[in-house]
Amino acid sequence: MTQITLRQHMHSQSTDAALMLLIEDIATACRMIADRVRHGAFAGVLGAAETENVQGETQKELDVISDEIFQQVVGDNPHLAALVSEEVDEVNWRKSEPKAGDFVVYYDPLDGSSNLDVNLSVGTIFSIVQLDADIAPEPEAVQIKGTQQIAAGYAIYGPSTGLVITVGQGVDGFTHHPGSGEFLLTQPEMAIPPKTQEFAINASRYDMWEPPVRQYIDDCLRGVDGPRDKKFNMRWCASMVADVHRILTRGGVFLYPKDSGNAAQGGKLRLMYEANPMAMLVEQAGGAASTGLGRIVEVAPTGHHQRVSVILGSRDEVAVIEGYHEG
Ligand code: P6P
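Residues numbered from 1 in each chain as written. Predicted model: local features only at pLDDT ≥ 70, side-chain atom pairs only at ≥ 80, totals over all residues. Heavy atoms only, no water.

The next point concerns the packing of aromatic side chains. Each aromatic ring pair is described using two quantities: the centre-to-centre distance and the angle formed by the ring planes. Per the stated rule, a full pass over the model turns up six aromatic pairs. With 5.3 Å between their ring centres and 25° between their planes, tryptophan 236 and phenylalanine 254 make a pair best called stacked. Highlighted residues: tryptophan 236 in the loop between β12 (233–235) and α6 (240–250) and phenylalanine 254 in strand β13 (residues 253–256), separated in sequence by 18 residues. For phenylalanine 254, a relative accessible area of 1% gives the class buried. Joined through ring pairs, the aromatic side chains of Trp236, Phe254 and Tyr256 make up one cluster. (Phe/Tyr/Trp six-rings, centres within 6.5 Å; stacked < 30°, edge-to-face > 60°. Helix = DSSP H or I, 4+ residues; strand = E, 2+ residues; numbered from the N terminus. Buried < 20%, exposed > 50% of the residue type's maximum accessible area, 1.4 Å probe, protein only.)

This is the structure in structure tokens:
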């Protein structure tokens with residue numbers, strides 16, 4: 001079967017040339033990160049770095065290495081105004097006078113890196129917006145709503161290296177072909193089934209959940225004798241990229257709600273470079289992405305490291321969970 005390359009596919013979607021070049025730069029960075037992850041054990045970089053990120057989380061050496069690769073490969077793109085990284089406190093302005101049409105890229109260079117030393121799937125998440133006016137390079141200038149994203153995606157470093165992207169015309173999955181070095185189209189037009197019997201949540205936080213989440217999970221666990229009239233299965237990878245990839249492939253619902261343990265920070269997951277890009281992908285695949293009270297992409301950012309509740313996946317199940325919150 002002739003498989004289409006990432007570039008051929010973006011051509012077929014008449015993707016803007018500058019955006020196509022940026023996405024190709026991002027794909028190159030992901031291929032390089034995949035290589036470092038795959039060989040991490042031999043280079044002695046699976047451990048913790050001596051540093052913390054802006055979230056106060058101890059960084060893995062590969063977190064820092066992945067961020068450096070992303071900056072080196074993507075940072076000199078001629079149409080790039082700024083990079084916003086989970087691993088870097090300040091906005092990385094690439095131009096002193098950002099212009100209308102320039103891009104801002106928000107990214108988590110190595111999401112789920114706590115799984116590295118146990119050899120589980122991790123990934124890189126990215127979100128792209130295009131400036132609609134000349135701006136001054138101030139922090140507030142990158143606090144742009146998720147509805148303004150023009151592209152989003154992730155790489156997943158698992159048994160194979162995958163790349164899943166949307167440019168607003170649906171969601172397509174590619175697999176890295178080691179022989180050619182290309183990302184080849186292997187999962188065209190990914191679509192999330194509206195209904196599911198599978199949820200993903202860190203159940204160890206049960207005692208900290210707010211009542212709507214606790215009631216929803218309790219009702220799911222009561223199975224065919226409970227109010228849901230069906231049995232549910234549970235998955236939890238502790239890697240958002242892996243959990244979302246499963247949901248894009250076969251359906252399901254993922255929850256990381258704000259709870260009493262993270263309420264002071266506003267939740268666990270970050271809006272600009274985790275929740276927003278995954279929300280765009282999920283909505284483009286026919287799913288839904290909610291804070292429990294409204295669309296994630298409608299959240300007005302107040303900071304580029306802001307956190308938010310995340311409930312996303314099969315749209316009918318997300319609607320059920322929103323119902324518990326309304327109740
Ligand atoms: P927990 C990884 O650190 C991450 O940001 C997401 O990829 C993942 O879904 C979540 O945190 C895992 O959180 O509570 O299981 O460690």
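Alright, that's what it looks like, and here's the rest.
Spatially, β4-β3-β5-β6-β7-β8-β9-β10 is the arrangement adopted by the eight strands of the open sheet, whose pairing is mixed. Single-partner strands in this sheet number two, and they are β4 (92–93) and β10 (183–187). Against the sheet, helix α7 (residues 271–284) makes contact with β3 (80–85), β5 (103–111), β6 (122–130), β7 (149–157) and β8 (161–166), and its axis sits at roughly 100° relative to β7, the strand it touches most. (Pairing = 2+ DSSP bridges. Contact = heavy atoms within 4.5 Å. Axes fitted to C-alpha atoms, helices over the stretch in contact; angles between N-to-C directions.)

When you tally the buried positions in β7, you get eight out of nine residues, the bulk of the element. Strand direction decides the pairing type here: β6 and β7, joined by eight bridges, are antiparallel. Bridge pairing links isoleucine 128 to alanine 151 in β7. Across six bridges, the pairing between β7 and β8 is antiparallel.

All right, on to the domain arrangement of the protein then. Examined at the domain level, the protein breaks down into domain 1 (6–187) and domain 2 (198–326). Each of domain 1 and domain 2 has a C-alpha centre, and the two are 23 Å apart. The junction of domain 1 with domain 2 conceals about 2900 Å² of combined surface from both sides, 61% of it contributed by carbon and sulfur atoms. Summed over the shared surface of domain 1 and domain 2, the number is two salt bridges. (Domains from an automatic or database assignment. Buried area = accessible area lost by both parts, 1.4 Å probe. Salt bridge = Lys/Arg side-chain N within 4 Å of Asp/Glu carboxyl O.)

So, on to the nonpolar core. Where a protein is soluble and globular, its nonpolar side chains tend to be buried together. Formed by 43 residues in total, the largest nonpolar core has its most connected members in Tyr106, Tyr154, Phe254, Met278, Val310 and Leu312. If you list the elements that add at least two residues to this core, you get β3, β5, β6, β7, α6, β13, α7 and β17 (310–313). Each of domain 1 (6–187) and domain 2 (198–326) accounts for three or more of the residues forming this core. Beyond its immediate chain neighbours, meaning those up to four positions away, leucine 312 contacts Met240, Val244, Ile247, Gly252, Val253, Phe254, Met278, Val282, Ala288, Ala289 and Val318. With 39 residues, the next largest nonpolar core counts Ala18, Leu22, Ile33 and Leu116 among its residues. (Core = buried A, V, L, I, M, F, W, Y, C linked by side-chain atoms within 4.5 Å.)

With that out of the way, let us pick up the pattern of salt bridges. Where charged atoms of side chains with opposite charge meet at close range, the side chains can pair. Under the definition given, this model contains 17 salt bridges. In this structure, glutamate 198 engages arginine 246 in a salt bridge whose closest nitrogen and oxygen atoms are separated by 3.4 Å. With glutamate 198 in strand β11 (residues 198–200) and arginine 246 in helix α6, this residue pair connects regions lying 48 residues apart in the sequence. Of the two residues, glutamate 198 and arginine 246, both sit in the buried class. Connected through shared salt-bridge partners, Lys145, Glu283, Arg295 and Glu298 make up one network.

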